[in-house]
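Each chain is listed here by its residues.
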Amino acid sequence: MSDWSLSQLKEWDDKICEVAKGYGLDWFPIDYEVCDYYEMIGHMSYHGMPSHFNHWSYGKSFERTHFMYNAGASGLPYELIINSDPSIAYLMRQNELFLQILIMAHCVGHSDFFKNNRCFKDTDPKNVVSRMRNAKKRIQGYVENTEIGIDKVEKFIDNLEAIAFQTNRYGIPRKSRKEIKASEIERYNKLKDVGINLDQSQLENKLLRPDYDLFAFFQEYGRNRFKDWQLDILDIMHRESLYFIPQIKTKILNEGWASFWHYKILHDLNLEDKFHIPFLKLHNAVVRPHIGGLNPYHIGFYIFQKIERELGLEACFEVREIHDDVSACRIFLEEEDIRELNIFSYVRNKGGEIQISEVADEEDWKVIKQDMLKSIGVGSIPQIYVERIEKDGSLILKHEYDGRDLDLEHAEKVVDHVKDMWKDDVRLFTILEDEVWEI
Amino acid sequence: MSVFRTHKTIADRSASDRARHKKKIEKAIKEGIHDIVAEESIIGQDGKKKIRIPVRGIKQYKFVYGQGNGSKGVGSAQGKDIKKGQVIKKADKQQAGQPGGEPGKEKGEEYYDVEVTLDELAKYLFEDLNLPDLQKKHSDSVYAERIKRKGYRSQGIRVRLSKKETLKNKIRRQKKSEKIGTYDPESDERFPFHADDLKYKHIDVKKKPITNAVIFFIMDVSGSMSKAKKFLARSFFFLLYQFIRYKYDTVDLVFISHTTEGKEVSEDDFFKKASTGGTYISSGLTKELEIVEKRYSPSAWNIYSFHCSDGENWREDNPKAIDAMKKVIGLSQMSAYIQVNPAGDHIYGQEMTEVFTPLECDKFKLIKITEKEDIWPQFTKLFGGKANV
């Protein structure tokens, strides 16, 4: 049973907002929804989106979370907030008051980050909720359509989920075939003017450049292969991938920023002991290193504290605006920080043994930093791109190899998914133990 | 500042996606059945009991980095005493050491539990299967009363008064009166209940004849029946019990263990206690015939007999065994001889399945199980379902 009332939450929220405003935080208005743990798991399964299209995988996600929670294997996350304007956040009814205060302060930090960090500028937070609601309706329509039906829709979504996030990662505008053609012709003509004649017949072959946006590629080159409803689902899931990529890219900074602010705000609120002590306990648990893994709260909180200490609060605001995880860690983590954070590299040996391969000493800290920069942000997801389409229609995919091998079992199954959509042969090239490998 | 809402319940928003997911795991449950059955106790469970079944998750594939030999990762630690070369997770013994081990739990496989009731489990498993020659014998004197709700009546006893229906009637009448002008809602006048508003829940008592079944599980517990063999037998018996229970109202179980002599024992002893000694297959069957005569008249009971051993018998007993088995077949709805024999075991003399081959008919089946994976296909073969569904 909860030990608080809605009016208490409102009072505390007012105090939090006042402190946050004083520091110059600038966030979207926040709508808090109070719900029980069961509803919380429900919202979590759909990434907190108030409305989201249906797919069995969200049912699975629910079952897993519910099971883990009941088995005591994991607690529920304390906060769940989405990047929308207004931001929507969920407060679990059974949480104690001190925890709700912490969460609300934390949410202000997140919402400020969503609103101001440059990675999020194209996420259209004003319309995301209605966009998702609309998408849900349309997909429901395809499910109910007797000519299409749930099996086909589900299968198609299965296929696309397999390539989730294989889209434009860096916000570099993608050129369509038409645009490439126009620019090529322009180049030919310029060269012609200075007396160099290129073979025009080769032009067609040059129109598909390595394409790092699989979704956009399918939308453009699959127009004759896909039905209208499939193109629509492609578009829906493309947008969803683009919407979530900034959150993947800024996990450390976003959580770091929110933790940095809940810590500051709660300090300024001069809490009485019965709130202050449990708050400190919980805060320490949240920003503690995860043994054997990287805890984004831990690293992010450390980075912002370091910047405030060395460069001042103003610099913190700048970092939250222009950086993502990779760039911030590259610039702000030095030898003593890697050591202070106690970060190490490890290698997996036979039989699942894990052995520390480098610790942060003078010699190896740079290796660790490089390993870390590779694995954080979107670096945790391998990048696959379209190399070309062969004359017989088969699709050639390549893996952007950076020293880390693909999981072949997964890769084979994903290629099967792509084949199922593309209808022609699909081949994927990667490197395995320094040799070219074809799937 | 911020807006607070107590959550407007969206009725269990993931329900339909969970249903869809459940469909997918039903298949997985069937495939993983041998992992479940070994753990469960056979007796003393009603159909409502929930059991947790580990299923291989319906895996979703994405492009991910391999976690194989030589791959690198980054981590952190709390203490400062980490050293280069230190092993922070030991090799999995099963993977590194002996080959084989627990199959199916290879790396990267997602396992999690799904909660189902035994009834649901039975439904998943047994939908496509039929009991052959299901005569549904029942003793005329035994009836079960089943109480069912059946609508509402205007007369009844006080305790069955339905407040909800009664109130609905009153509201209906009130609205009508407002419409035709006989009652003014603005006035202070009360609008009282009327005898016609009262509605009572109606309850129907149905008598249904009970169908009875008794299952005889007979097992050789002589020295040659190793733990592995008993494990296979137990798994198979569990399925048999659940299946027959699914088809009948009441099911009696009789456990008979034997070496050269048959004995009725408890479930616990049946699976756990081992005896030394030789094997007379006939002794278990004779014991069954004895018990049937005393307690389970074939005219009132549906009798199922399943005899399990590793296929060995002392040769001089074979003629007696055939004779006794003939009698058992005669009075059973269905009977089977199940030979559990993990591959590689040498059998001395003639296998029992060969001895019993001439008896094979619709009512008597011979089953051979050499490994866990055989259990489900053999089980479906027994009941004419589609194998490997």
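## Regarding the environment of R348 of chain A
- Structurally, the position occupied by R348 of chain A is in strand 4 (residues 343–348).
- Looking at R348 of chain A, the number of C-beta atoms within 10 Å reads 19, which means it is partly exposed.
- With residues up to four places along the chain from it excluded, the contact list for R348 of chain A reads I354 of chain A together with Q67, G68, N69, G70 and S71 of chain B.

## A word on helix 7 (residues 177–193) of chain A
Residues and elements named next belong to chain A.
- Taking 1.5 Å of rise per residue, the 17 residues of helix 7 would be expected to cover 24 Å, and the 24 Å separating its terminal C-alpha atoms lies within 8% of that figure.
- Burial within helix 7 is sparse, with just 0 of its 17 residues counted as buried.
- The positive-phi residue at the C-terminal boundary of helix 7 is G195, with phi of around 95 degrees.

## Remarks on the sheet that holds strand 1 (residues 3–6) of chain B
- Strand order in this open sheet of 4 strands is 2(A)-3(A)-1(A)-1(B), and the pairing throughout is mixed. Looking along the sheet, the strands with just one partner apiece sit at the ends: strand 2 (80–82) of chain A together with strand 1 of chain B. Each strand axis lies, on average, 20 degrees off the axis of its neighbour in the sheet, ignoring direction.
- With 4 bridges connecting them, strand 1 (residues 30–35) of chain A and strand 1 of chain B associate as parallel partners. Following the sheet pairing, V34 of chain A is matched in strand 1 of chain B by T6 of chain B.
- Sheet strands touched by helix 4 (residues 97–116) of chain A: strand 1, strand 2 and strand 3 (87–92) of chain A. Its angle to strand 3 of chain A, the strand with the most contacts, is close to 160 degrees.

## Comments concerning unusual backbone geometry
All names here are of chain A.
- Residue P86 follows D85 across a cis peptide bond; omega there is 0 degrees.
- For H47, which is not glycine, the phi torsion reads 55 degrees and is therefore positive.
- Counting through the fold element by element, H47 comes out in the loop between helix 2 (37–45) and helix 3 (56–70).
- For H47, a count of 16 C-beta atoms within 10 Å corresponds to the partly exposed category.
- The phi dihedral of K423 is positive, around 75 degrees, even though this residue is not glycine.
- Mapped onto the elements of the fold, K423 is located in the loop between helix 17 (408–422) and strand 8 (426–432).

## Re the confidence of the model for chain B
Residue and element names in this part refer to chain B.
- Summary statistics for chain B give a mean pLDDT of 75 and a share of 73% for residues scoring 70 or more.
- When pLDDT is averaged over each element of chain B, strand 3 (residues 72–76) comes out on top at 90 and helix 3 (residues 93–96) at the bottom at 43.
- Predicted confidence for residues 94–109 stays below pLDDT 50, and this span has 10 contacts to residues more than four positions away or in other chains.
- Confidence over residues 385–389 falls short of pLDDT 50; this stretch has 11 contacts with residues more than four positions distant or in other chains.
- Confidence metrics for the complex model read pTM 0.69 and ipTM 0.90.

## Details of the sheet that holds strand 3 of chain B
- Sheet architecture is open: 4 strands sit in the order 3(B)-4(A)-5(A)-4(B), paired in antiparallel fashion. Single-partner strands in this sheet number two, and they are strand 3 and strand 4 (87–89) of chain B. With strand direction ignored, the average angle separating the axes of adjacent strands in the sheet is 45 degrees.
- Judged from the 4 bridges that link them, strand 4 of chain A and strand 5 (residues 354–358) of chain A form a sheet pairing that is antiparallel. Looking at the pairing, V347 of chain A lines up with Q355 of chain A of strand 5 of chain A.

## Some details on the pairing of strand 8 of chain A
Residue and element names in this part refer to chain A.
- Bridge count between strand 7 (residues 395–399) and strand 8: 4 bridges; the pairing is parallel. When the sheet's bridge partners are listed, I396 is paired in strand 8 with R427.
- With 4 bridges connecting them, strand 8 and strand 9 (residues 435–438) associate as antiparallel partners. Its bridge partner lying in strand 9, T430 is registered against W437.
- Connecting strand 8 to the next strand, strand 9, in antiparallel fashion are 2 residues, including E433 with a positive phi near 45 degrees.

Rules behind the numbers
- Residues numbered from 1 in each chain as written.
- Chains lettered and ligands numbered in written order.
- Predicted model: local features only at pLDDT ≥ 70, side-chain atom pairs only at ≥ 80, totals over all residues.
- Helix = DSSP H or I, 4+ residues; strand = E, 2+ residues; numbered from the N terminus.
- Buried ≥ 20, exposed ≤ 12 C-beta atoms within 10 Å, placed from the backbone.
- Contact = placed C-beta atoms within 7 Å.
- Expected span 1.5 Å × (residues − 1).
- Pairing = 2+ DSSP bridges.
- Axes fitted to C-alpha atoms, helices over the stretch in contact; angles between N-to-C directions.
- pLDDT = per-residue confidence, 0-100.

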